[in-house]
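Now for the letters of each chain:
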Amino acid sequence: MLAVAATICEARRVLGTYRQIFAAPGSAAFSAAGFVARVPIAMVGIGIVTMLSELRGDYALAGALAAVFALTYAFITPVVSRAVDRYGQSRVLPVASGISATSLAAMLLCVRFGTPDWVLFVWAVPAGCMPTIGAMVRARWTELYRGTPLLRTAFAFEAVVDELCFIAGPVVSVGLSVTVFPEAGPLAGLVLLVVGTLALVAQRGTEPPVHSSPDGGRPSVVRTPALWILVAVMVSMGTIFGVIDVGAIAFTRSHDAPASATVVLALFATGSAVAGLVFGAVRVPASLRKQLMVAVLAVAVLMVPLLLAGSIPALAVAYAMAGMTVAPIMIVTTGLVEQIVPAAALTEGITWIVTGLGVGVAVGSALAGRMIDEFGTTAGYAVAAVAALLASMVTPWLFVKQSASTERPSSTR
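Residues numbered from 1 in each chain as written. Predicted model: local features only at pLDDT ≥ 70, side-chain atom pairs only at ≥ 80, totals over all residues. Heavy atoms only, no water.

**With respect to the nonpolar core**
Item 1. Grouped together as the largest cluster of nonpolar side chains are 88 residues, with contacts concentrated most on Leu227, Met237, Ile240 and Tyr319.
Item 2. The dominant element in this core, judged by the number of residues it contributes, is helix α10 (residues 225–254), at 14 residues.
Item 3. Split by domain, the residues of this core number at least three in each of domain 1 (27–208) and domain 2 (221–396).
Item 4. Within the second largest apolar cluster, 22 residues are counted, among which are Ile48, Leu61, Leu104 and Val111. (Core = buried A, V, L, I, M, F, W, Y, C linked by side-chain atoms within 4.5 Å. Buried < 20%, exposed > 50% of the residue type's maximum accessible area, 1.4 Å probe, protein only. Helix = DSSP H or I, 4+ residues; strand = E, 2+ residues; numbered from the N terminus. Domains from an automatic or database assignment.)

**A closer look at unusual backbone geometry**
Both trends apply: most residues other than glycine have a negative phi, and most peptide bonds are in trans.
Item 1. Notably, Asp256 is not glycine yet its phi reads approximately 60°, a positive angle.
Item 2. Residue position: Asp256 is located in the loop between α10 and α11 (261–281).

**Side note on the packing of aromatic side chains**
Item 1. On inspection of all chains with the given rule, the structure shows nine aromatic pairs.
Item 2. Centre to centre, the rings of Phe30 and Trp141 are 4.8 Å apart; their planes meet at 65°, and the pair counts as edge-to-face. Here the residue Phe30 occupies a position in helix α2 (residues 27–38), and Trp141 occupies one in helix α7 (residues 133–145), the gap between them amounting to 111 residues.
Item 3. You can call Trp141 buried: its relative accessible area is 0%.
Item 4. Considering the side-chain rings of Phe69 and Tyr73, the 6.5 Å spacing of their centres and the 25° angle between planes classify their relative orientation as stacked. In this pair, Phe69 and Tyr73 are both assigned in helix α4 (residues 59–87), four residues apart and thus about one turn of the helix distant. Each member of the pair, Phe69 as well as Tyr73, is classed as buried.
Item 5. A network of ring pairs unites the aromatic residues Phe22, Phe30, Trp141, Tyr145 and Phe157 as a single cluster. (Phe/Tyr/Trp six-rings, centres within 6.5 Å; stacked < 30°, edge-to-face > 60°.)

**Considerations on the environment of Val195**
Item 1. Relative to the helices and strands, Val195 is located in helix α9 (residues 184–201).
Item 2. According to the relative accessible area criterion, Val195 is partly exposed, its value standing at 48%.
Item 3. When the C-alpha atoms of Val195 and Ser97 are compared, they prove to be 10.0 Å apart, with 98 residues separating the residues in sequence.

**Details of the packing of helix α15 (residues 326–340) against helix α16 (residues 346–375)**
Item 1. One way to put it is that α15 packs onto α16 with a least axis distance of 9 Å and a crossing angle of 145°. Here α15 runs over α16; the crossing is right-handed. Together, Met330, Thr333, Thr334, Val337 and Glu338 of α15 and Leu346, Gly349, Ile350, Ile353 and Leu357 of α16 make up the contact between the two elements.
Item 2. For the contact of α15 with α16, a count of residues per class yields six nonpolar, three polar and one charged. (Axes fitted to C-alpha atoms, helices over the stretch in contact; angles between N-to-C directions. Left-handed = near helix turned anticlockwise from the far one by under 90°. Contact = heavy atoms within 4.5 Å. Nonpolar A, V, L, I, M, F, W, Y, C, P; charged D, E, K, R; others polar.)

**Considering the environment of Met293**
Item 1. Along the chain, the position of Met293 falls in helix α12 (residues 288–302).
Item 2. Under the relative-accessibility criterion, Met293 is labelled partly exposed at 25%.
Item 3. For the pair formed by Met293 and Val394, sequence separation is 101 residues and the distance between their alpha carbons is 9.3 Å.
Item 4. If we skip the residues at most four places from it in the chain, Met293 touches Thr395, Pro396 and Phe399.

**A look at helix α3 (residues 40–55)**
Item 1. Between its terminal C-alpha atoms α3 stretches 21 Å, which fits the 22 Å expected from 16 residues at 1.5 Å a residue.
Item 2. The sharpest bend along α3 reaches about 30° and sits at Gly47.
Item 3. Buried within α3 are the following residues: Pro40, Ala42, Met43, Val44, Gly45, Gly47, Ile48, Thr50, Met51, Leu52 and Ser53. (Expected span 1.5 Å × (residues − 1). Bend = angle between axes of the 7 residues up to and from the residue.)

**Considering the pattern of salt bridges**
Once the charged atoms of two side chains with opposite charge are near each other, the side chains can pair.
Item 1. Going through the model one piece at a time under the given rule, you end up with five salt bridges.
Item 2. Across the pair Glu143 and Arg146 runs a salt bridge whose closest N-O atoms are separated by 3.7 Å.
Item 3. Its relative accessible area of 31% is what places Arg146 among the partly exposed residues.
Item 4. In this structure, Arg204 engages Glu207 in a salt bridge whose closest nitrogen and oxygen atoms are separated by 3.1 Å.
Item 5. Classification of Glu207 as buried rests on a relative accessible area of 15%. (Salt bridge = Lys/Arg side-chain N within 4 Å of Asp/Glu carboxyl O.)

**A few points about the packing of α2 against α9**
Item 1. Between α2 and α9, the least distance of the axes is 7 Å, while the angle of their chain directions is 160°. Considered as vectors, α2 and α9 are oriented roughly antiparallel to each other. Of the two elements, α2 crosses α9, and the hand of that crossing is left-handed. Residues Phe30, Ala33, Gly34, Val36 and Ala37 of α2 touch α9, and the partners they reach there are Leu192, Leu193, Gly196, Thr197, Ala199 and Leu200.
Item 2. Class assignment for the residues of the contact of α2 with α9 results in eight nonpolar, three polar and no charged. (Parallel < 35°, antiparallel > 145°, perpendicular 65-115°, else oblique.)

Okay, structure coming up:
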C-alpha cells in the first residue's frame, strides 16, 4: 500500500510540473495547433506507400516516392526555418505550408488520373516544403521560458507529443487509405497541415519576435561546430529508428506473427513517452553535455538485447527498454541547441537536428533492409548497434568544441 501511495504521489507531482508550463497565456492554444500541424509529417510518407500499393500494387514506386519526399523534406526545411528566423512565423509558415499542400494535392490528382510516374516525383519535391512544426512550437516555448527550469519541462512535453504523432499518424493514415479510398490518408494529412498551420500562426501573442544579430548580419548556425556534432548524433539516432521499424516487421514476420509488429513498435514509443514525462519533471545536476553522453552510452548498451532476442516477447521487452532512452536524448539535444546557437537562429538550429534525424531514418531503413535480406534480422539490428557505438564516440567531442560554440548559460541543465 505504501508503494502504491508513493507512486500516486509521484504521478501527481509529475503532472503538476507539466500543468505549470500551461499557466502562460496562449500556451495551450499554440501547443494544440502545433500538434494538429505536426501530425501530417507522420502521415504523408506512409500514406503515399499505402496509396500506391492499394491502387497499383507497386511497392518499388511507392517506396521511391516516399523516399524522395522524406529527403527533400529533410533538406528544404532548414531553408524554411532560416526564413522563419529572419521574417517570422506568421509570414513564412502559410507560404511554405501552402506550397507543400498544393504539391501534395497535385500529386494525389496525378495518381488518381494515372499520369506518368515521373510527374509524381516532380510534385514530391516541392511537397517537401512542409515546415518543421515541432521546431516552431519549441521556439515559442523558448521565448516563454528561456532562463527558467520550465523550459526543460516544455521540451520534455514536446518530445512526448512527437511520440504521440508518430504513434497516431501512421495508424490514421493507413486506416483511411485502406477503409475509405486510397488517397484518403495523405489527403487527411494535407488538410491537417493547412488547418493546423493557420491555427498556429493565428496565435500572434506567442509568436517569437525576429531577433537581430549583434553584428547586423544574419547568424549562420552552419558555422557552429558543436551543432554539427549534435547533428551527427541525431543521424545515428535516426539510423537506429530506421532499423527499429524495419527490424520489427522482419522479426515478427519471421516468427509468423506479422501483426504483432504494431505492438512491439507501440511499446518502443510508449517507453519513450513515459521516460520523457518523468525525465522532464526531474532536475538533473549534471550538465547537458554529460547527460547526453550518459544517455547515448545507455542506447549503445540497450542495443545488445535486440541482438540476443529469440522470441517476440523478448523483442518486445528489448524495444520497451530501448525506447526509454529516446525522449531524454531529444530533450537534452534540444536544450543544447538552445544553448549553443544564437537566439536569432534558434528555429533553424532545431530544424537541423530534425534534418539529421530524418536522414538517419532513411539510411537506417535502407541498410537494415539490405542486411536483413542478406544475413537475417540479427544483422539488421547490428546496424543499430554500430550506429549507437558511433554516436557514443562522437558525443565526447562536444567537450572539445565547447569553446568554439556560442554557448549561453541555460537553466535547462
